[in-house]
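# Observations on the model geometry
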Amino acid sequence: MNDEFYIGWEAKAAPGIAATVRRTVVVLLALAVALALGLALAQHAIGVSVFEWGKVKEFSGVLKSQPYPHLLVARPGVSAGATAYSSYYLVQPFKFGLNPESARQFDGKAVRLRGTLIYRENQTMIEVVGDSLKAADNSAGAMSNSASIELEKLGRQTFIGEIVDSKCFLGVMNPGQLTPHSACAIRCISGGIPPVLLVRPTNSPPVYLLLVSAEGKPVNHQVLDMVAEPVEITGEVERQGDLLILRADPATYRRL
């Protein structure tokens, strides 16, 4: 019978004990590596969003002040129609939307401006530089007439998603969503940044819907207590170029 026991002041442990310790350490290290890999693989990608900070570019198009200021930019080589242009949200630096007075005086007119792009997937925003917004000649051509910028009605639909502030989510912050970002999102939306309903279908790309009232007016201050929470919204959906708009009374939003 060979009973080994550990003696702390000995230079080496007994052979049997040493072998057991080595095996245990190897197993624990392997488990730690496997756990780390498993956790890493289980994480969801936070998505590719871009803020071209420091890169100021020139833009031109037709400005629409409602429901939130946005720029309609013609797509070269595309025939006139609902898909003949892109819609770019317009905001100011920091946590502010574009000044409503500035937007209204140029509503429906061709403009030029300087700004920095913010984008994620098919959603694009321009952070406008100072007082660079100016009237321009009608270089947008036929796009500026009412026929080419009218809204396409897509009917009444129900969506489940999260209300996010479009500026941070599109690229200024990443991930820019969920409870950790709620305080920042509330400040952005209260400052005039367009609120967007982020919908994540199971087997298809995310859907972004600009939130407006049933009358098509901004709802910034009416949605602040529901930001970064799962909600269900039923309303009328419209499309303007690549911009989806969801008309619904915020009083009918349902927390989940």
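Higher on the page you've got the structure.
Per chain, the residues get numbers from 1 upward, laid out in the order the sequence is written. Whole-chain, interface and lining totals are the exception, using all residues; otherwise, since this is a predicted model, local features are given only for residues with pLDDT of at least 70 and side-chain atom pairs are given and counted only at 80 or more. Values reported for side chains reflect all heavy atoms of the structure, with hydrogen atoms and water molecules removed beforehand.

### A closer look at helix α5 (residues 182-190)
When a residue's accessible area, from a 1.4 Å probe over protein chains only, is under 20% of the maximum for its type it is buried; when over 50% it is exposed; and in between it is partly exposed. In DSSP terms, a helix is any run of H or I states spanning at least four residues, a strand is any run of E spanning at least two, and both are numbered starting from the N terminus. Among all positions of α5, only Ser182, Cys184, Ala185, Cys188 and Ile189 are buried. For α5, the angular spread of the buried residues around the axis is 155 degrees, confining them to a single face. Those residues of α5 that are exposed and aimed more than 90 degrees away from the buried face are Ala183 and Arg187. Of the surrounding secondary structure, the elements contacted by the buried residues of α5 are β9 (152-165), α4 (166-172) and β10 (195-199). Where α5 ends, the next residue or the one after it, glycine 192, has phi of about 105 degrees, a positive value. It is the directions from the helix axis to the C-beta atoms whose arc is reported. Contacts between residues were defined by any pair of non-hydrogen atoms, one from each residue, lying within 4.5 Å.

### Remarks on empty space enclosed by the protein
The way it works is a 1 Å grid over only the protein atoms, where trapped points that fit a 1.4 Å probe form a cavity and open points with protein on both sides within 12 Å along at least five of seven lines form a pocket, and then any residue with an atom within 4 Å of a point lines it. Grid points are joined across faces, edges and corners, and a volume is the space filled by probe spheres set on the points. All chains considered together, the criterion is met by one cavity of 30 Å³ or more. Estimated volume of the largest cavity: approximately 30 Å³. If you go around the largest cavity, the residues you meet are Ser87, Tyr89, Asn122, Gln123, Thr124, Asp242 and Leu243. Elements with a contribution of two residues or more to the lining of the largest cavity: β4 (85-92) and β7 (123-128).

### A few points about the pairing of strand β6 (residues 110-120)
One face of the sheet, then the other: side chains in a regular strand alternate in exactly this way. Summarising burial for β6: eight of the eleven residues are buried, a large majority. Strand pairing is defined by DSSP finding a minimum of two bridges between the two strands. Judged from the three bridges that link them, strand β1 (residues 49-51) and β6 form a sheet pairing that is antiparallel. If you follow phenylalanine 51 over to β6, its bridge partner there is isoleucine 118. Sheet topology places β6 next to strand β8 (residues 134-135); two bridges connect them, and they run antiparallel.

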